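Listed below are the residues making up each chain.
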Amino acid sequence: MSALPALFVSHGSPMMALAPGAAGVALQRWGQSLAARDDLRAVVVMSPHWMDEVAAVGSHPQPPTWHDFGGFPPPLYRLQYPAPGDPALARRVVERLRAAGIASAEDPQRPRDHGAWSPLRFLLPQARWPVVQLALPATAGPAQVYAIGVALAALREDGVLMVGSGSLTHNLMEFFGQRPAIQDPPDPYVVAFSDWVWNALQARDLDALLAWRVRAPQAERAHPTDEHLLPLFFALGVARWPREGAATVQAITREVQYRYLAMDSYAIS
């Protein structure tokens, strides 16, 4: 059986957990094929909602579900994702990062934030596979995050699903300022940015993607800060994309929600 794909998923608004739209349905459908594999052993997920000085790794044996947001409907705060942690896998992740010269440390207290549990509720709703969360180093850029993925690439051969969770666009000032509905038509700049990323992926142009801040249309508007796009580079590094004749990118979904949130998710294999 081929190695597990590396995934980039857009987790959008915390409301995705209650109102997933077409993006949630697409993740759920994709997850069914993952759950049917007999080689899936665990999950490592990078979320931008955990930023640290180093590439820290959560080693809690049973991480609590953290509702790390405010002002949303009460049912959202009752949701749980009770997948266990895996301290032994966490140690392996730290060891591989350190062997690659990347600073890392275990964090045995860290709960599981919504950047991890919200998309996993759709990808793997059974919550029976261990999930280890990986922090995004606060000062890392695209090339550094790509290198973190490369350092952990071999884990795919051991049945570990590697997930970068972020958002393809993430302008919260516009989102909260206008409070659009989930089905509102996308703003043209969101479509332009999403199309540029997709075309660069199809062209296997890593250099363009690494320089997205200066080369992508409406980059500053799509990402006033870059932390929600950086997990894409983690997934690309895990897949060692682009390799000659391999590492193809498949769109799981390219929906836009709430006018400003591109929910693009990709499988890289």
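This structure is a prediction, so every number in the text was calculated from the model and none was measured.

### Focus on the overall build of the protein chain
Now for step 1: Along its length, the protein chain carries 10 helices and 10 strands.
Now for step 2: Taking 269 residues into account, the globule formula puts the C-alpha radius of gyration at 18 Å, and the protein chain, at 17 Å, falls close to it.
Now for step 3: In terms of its C-alpha atoms, the protein chain occupies a principal-axis envelope of roughly 45 × 45 × 35 Å.
Now for step 4: Counting every position in the protein chain, which comprises 269 residues, the buried fraction comes to 58%.

### Structural notes on the packing of aromatic side chains
Any pair of aromatic rings gets described here by the distance separating the centres and the angle formed by the planes.
Now for step 1: Taken as a whole, this structure holds seven aromatic pairs when the rule is applied.
Now for step 2: Note on W198 and Y266: the rings are 5.8 Å apart at their centroids and 25° apart in plane angle, and the pair reads as stacked. Of this pair, W198 sits in helix α6 (residues 188–202) while Y266 sits in strand β10 (residues 265–268); the two residues are 68 residues apart in sequence, bridging distant segments of the chain.
Now for step 3: The structure contains a cluster of three or more aromatic residues connected by ring pairs, namely F69, F72, Y77 and W117.

### Some details on unusual backbone geometry
Now for step 1: Cis geometry is found at the peptide bond from W241 to P242, where omega equals -5°.
Now for step 2: With respect to the element layout, P242 can be found in the loop between α10 (230–238) and β7 (249–253).
Now for step 3: With phi around 55°, Q218 is a residue other than glycine that occupies positive phi space.
Now for step 4: Looking at the secondary structure, you find Q218 in the loop between α8 (212–215) and α9 (219–222).

### Some points on the packing of helix α4 (residues 142–151) against α10
Now for step 1: Where α4 meets α10, the closest approach of the two axes is 6 Å, and the angle between their N-to-C directions is 40°. Classified by the angle their axes make, α4 and α10 are oblique. Both α4 and α10 take part in a crossing whose hand is right-handed. Across the interface between the two elements, P142, V145, Y146, I148, G149 and V150 from α4 touch L230, F233, F234, L236, G237 and V238 from α10.
Now for step 2: Its residues placed into classes, the contact of α4 with α10 shows 10 nonpolar, two polar and no charged.

### Looking at the packing of helix α1 (residues 21–35) against helix α3 (residues 114–123)
Now for step 1: Running from amino to carboxyl end, α1 crosses α3 at an angle of 65°, the nearest separation of the two axes being 6 Å. Residue-level contacts link G24, L27, Q28, W30, G31 and L34 of α1 to P119, F122 and L123 of α3.
Now for step 2: Tallied by class, the residues present in the contact of α1 with α3 amount to six nonpolar, three polar and no charged.

### Concerning the pairing of strand β1 (residues 6–10)
Now for step 1: The element β1 is extensively covered by neighbouring structure, given that five of its five residues are classed as buried.
Now for step 2: Covered by surrounding structure in β1 are A6, F8 and S10 together with L7 and V9, the residues of both alternating faces.
Now for step 3: Bridging between β1 and strand β6 (residues 160–166) involves five bridges; their strand directions are parallel. Residue pairing in the sheet places A6 in a bridge with M162 of β6.
Now for step 4: Bridging between β1 and β10 involves three bridges; their strand directions are antiparallel. Of the residues in β10, the one forming a bridge with L7 is A267.

### A few points about the pattern of salt bridges
Now for step 1: In the structure shown here, the tally under the stated rule is nine salt bridges.
Now for step 2: When the shortest N-O distance is used, the salt bridge between D187 and R221 registers 3.7 Å. Of the two residues, D187 is situated in the loop between α5 (172–178) and α6 and R221 in helix α9; the sequence distance between them amounts to 34 residues.
Now for step 3: On the basis of relative accessible area, D187 is assigned to the buried category, the value being 8%.
Now for step 4: When its relative accessible area of 31% is taken as the criterion, R221 is described as partly exposed.
Now for step 5: Across the pair R259 and D187 runs a salt bridge, and its minimum N-O distance is 3.3 Å. With R259 in the loop between β8 (256–257) and β9 (261–262) and D187 in the loop between α5 and α6, this pair connects stretches of sequence that are 72 residues apart.
Now for step 6: Put simply, E174, D187, R221 and R259 are held in one network by salt bridges that share partners.

### Regarding α3
Now for step 1: For α3, the buried fraction is high: nine of the 10 residues fall into the buried class.
Now for step 2: Every buried residue of α3 is accounted for by H114, G115, A116, W117, S118, P119, L120, F122 and L123.
Now for step 3: Buried-residue contacts for α3 involve β1, α1, β2 (42–52), β5 (131–137) and β6.
Now for step 4: For α3, the N-terminal cap is D113; the gap from its side-chain oxygen to the backbone nitrogen of G115 is 2.9 Å.

What counts, and at which threshold
Residues numbered from 1 in each chain as written. Predicted model: local features only at pLDDT ≥ 70, side-chain atom pairs only at ≥ 80, totals over all residues. Heavy atoms only, no water. Helix = DSSP H or I, 4+ residues; strand = E, 2+ residues; numbered from the N terminus. Rg over C-alpha atoms; globule rule 2.2 N^0.38 Å. Buried < 20%, exposed > 50% of the residue type's maximum accessible area, 1.4 Å probe, protein only. Phe/Tyr/Trp six-rings, centres within 6.5 Å; stacked < 30°, edge-to-face > 60°. Axes fitted to C-alpha atoms, helices over the stretch in contact; angles between N-to-C directions. Parallel < 35°, antiparallel > 145°, perpendicular 65-115°, else oblique. Left-handed = near helix turned anticlockwise from the far one by under 90°. Contact = heavy atoms within 4.5 Å. Nonpolar A, V, L, I, M, F, W, Y, C, P; charged D, E, K, R; others polar. Pairing = 2+ DSSP bridges. Salt bridge = Lys/Arg side-chain N within 4 Å of Asp/Glu carboxyl O. Polar contact = N/O pair within 3.5 Å; in protein donor to acceptor, adjacent residues only side chain to side chain.

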